Amino acid sequence: MYINFGPQLGSIASRKSLILIVTSVASIGYIAYQRLNKAPTASDIASKALPAMAVELAKASAGFVLIAGDSHAASLRLPCATVNVAVNGLKARDVRRHLSNLPFPIEPVAVLLIAGTNDLRRKHRPLDGIEMWATEMRQAIGNFRRVVVTAVPPIGASQIAAFDPDGVQIYSHRLETMCSEIGCTYIDPWKSARAKPFGKAKDGFLVDDVHLADYGPAARELAPLLCPQATAAARKR
């Protein structure tokens, strides 16, 4: 950008004015640069993934299981037909919005919903926001006939400064109570990774003190609920 300040500045006051103007322009430019170059949020990523997810839902056949939620959900592999629409970093509000933006030509036979870890970041004041979180989860669950929700997975020692391990049990208990009221199914497939107290993980079970090193045990725990035919067939072999 070219700014013409005249043939000469003529005074110290003019020089100071020029410095202020140039500084302001530089600041505005830096802010604009930051906004244009900031990392995409989880919601941004979910929005961009909508077209591809819509294609997968259009191709799904009757009897498929929908997997939705955060990075824990995204990491799960079940032994039956699934469409996974989970996105790393989503909070309960984001999950509810994401699901409302997706088309469902065929209703899934069941939905696996996992959310809560990202809501439990201390910067979100999770214990103050539990009612809003519960409302978002209830609305997301209410969009489908059959929903399986999991307890919130445990947190490792190095992440306790960032996540609230006490909230893991509080949020999980709230989900369990909610399912007894509205008819969803609550399960804790993360038991093998839990230490005492409930919200903390055993050493060696998490790769980054947030995500499990192996999601296989959790998938095997969930399979009888979500993939009964595949589970029964596997047992006969």
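Shown above is the structure to which this text applies.
Criteria and thresholds
Residues numbered from 1 in each chain as written. Predicted model: local features only at pLDDT ≥ 70, side-chain atom pairs only at ≥ 80, totals over all residues. Heavy atoms only, no water. Helix = DSSP H or I, 4+ residues; strand = E, 2+ residues; numbered from the N terminus. Expected span 1.5 Å × (residues − 1). Buried < 20%, exposed > 50% of the residue type's maximum accessible area, 1.4 Å probe, protein only. Arc of directions from axis to C-beta. Axes fitted to C-alpha atoms, helices over the stretch in contact; angles between N-to-C directions. Parallel < 35°, antiparallel > 145°, perpendicular 65-115°, else oblique. Left-handed = near helix turned anticlockwise from the far one by under 90°. Contact = heavy atoms within 4.5 Å. 1 Å grid on protein atoms, 1.4 Å probe; cavity = no way out; pocket = protein on both sides within 12 Å on 5 of 7 lines; lining within 4 Å. Points joined across faces, edges and corners; volume = space filled by probe spheres on them. Nonpolar A, V, L, I, M, F, W, Y, C, P; charged D, E, K, R; others polar.

(A) Local environment of helix α5 (residues 130–141). Taking 1.5 Å per residue as the helical rise, α5 with its 12 residues ought to reach 16 Å, and the 16 Å between its terminal C-alpha atoms agrees with that figure. Within α5, the full set of buried residues consists of I130, W133, A134, E136, M137, A140 and I141. For α5, the buried positions fall inside an angular range of 160 degrees around the axis, keeping them on one side.

(B) Examining the packing of α5 against helix α6 (residues 165–182) more closely. At their nearest, the axes of α5 and α6 sit 11 Å apart, and the two run at 40 degrees to each other. In terms of orientation, α5 and α6 fall into the oblique class. Of the two possible hands of crossing, α5 and α6 adopt the one that is right-handed. On the side of α5, the interface is formed by I130, E131, W133, A134, M137, R138 and I141, while α6 contributes I170, Y171, R174, L175, M178, E181 and I182.

(C) Representation of the layout of surface pockets. What the largest pocket holds in volume is close to 190 Å³. For the lining of the largest pocket, the secondary-structure elements that each account for two or more residues are α4 (92–100) and α5. If you tally residues by element for the lining of the largest pocket, the top one is α5, at 3 residues. Here the lining of the largest pocket is composed, by residue class, of 5 nonpolar, 2 polar and 5 charged.

(D) Spotlight on unusual backbone geometry. Residue K196 is joined to P197 through a cis peptide bond whose omega torsion reads 5 degrees. Counting through the fold element by element, P197 comes out in the loop between β5 (185–187) and α7 (216–226). Within the chain, R125 stands out as a residue other than glycine whose phi angle is a positive 50 degrees. Secondary-structure assignment places R125 in the loop between β3 (110–114) and α5. Not every positive phi belongs to a glycine, and D209 is a case in point at roughly 65 degrees. Within the secondary structure, D209 is located in the loop between β5 and α7. What makes D209 partly exposed here is its relative accessible area of 21%.

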